[in-house]
Amino acid sequence: MNRTQAEQLFGHAQRAAGVIAAKHRGDLAGAEALLGAFPDDAARVRGFCLLAELALSLVRAQTGQNMDELVQELTLRMAAIVLEPPPEAASP
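A brief structural summary. (Residues numbered from 1 in each chain as written. Predicted model: local features only at pLDDT ≥ 70, side-chain atom pairs only at ≥ 80, totals over all residues. Heavy atoms only, no water.)

**Points about the nonpolar core**
Moving on, step 1. Grouped together as the largest cluster of nonpolar side chains are seven residues: Ala16, Val19, Ala22, Ala31, Phe38, Ala43 and Leu51.
Moving on, step 2. For this core, the elements supplying multiple residues, two or more each, are α1 (3-24) and α3 (41-63).
Moving on, step 3. With three residues, the single largest contributor to this core is α1.
Moving on, step 4. If we skip the residues at most four places from it in the chain, Val19 touches Ala31, Leu34, Leu35, Phe38 and Phe48. (Core = buried A, V, L, I, M, F, W, Y, C linked by side-chain atoms within 4.5 Å. Buried < 20%, exposed > 50% of the residue type's maximum accessible area, 1.4 Å probe, protein only. Helix = DSSP H or I, 4+ residues; strand = E, 2+ residues; numbered from the N terminus. Contact = heavy atoms within 4.5 Å.)

Next up, the structure:
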């Protein structure tokens, strides 16, 4: 990867972080605009993949877990969310 490609990739990851930040502050239009600003789907995927890897690396540095442990924990948490009944299905 040359310098220009690396700069583009980090720009895509920064845009992906902006999408997440916009969503969390309730700026859905801003998040959509940032998503639309990616040049193509491949750039979007590469940006979000790099962002995920960087985020997991930050967690790894804080927790001391290795990447396999972090990915396993993340996968289990995602499965728990998917298997959790929707709030309206919960009994009173």
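**Focus: the packing of α3 against helix α4 (residues 67-83)**
Moving on, step 1. Between α3 and α4, the least distance of the axes is 10 Å, while the angle of their chain directions is 110 degrees. Taken together, the axis directions place α3 and α4 in an arrangement best described as roughly perpendicular. Relative to α4, the crossing made by α3 is right-handed. Judged by residue contacts, Leu56, Ser57, Val59, Arg60 and Thr63 of α3 engage Met67, Leu70 and Val71 from α4. (Axes fitted to C-alpha atoms, helices over the stretch in contact; angles between N-to-C directions. Parallel < 35°, antiparallel > 145°, perpendicular 65-115°, else oblique. Left-handed = near helix turned anticlockwise from the far one by under 90°.)

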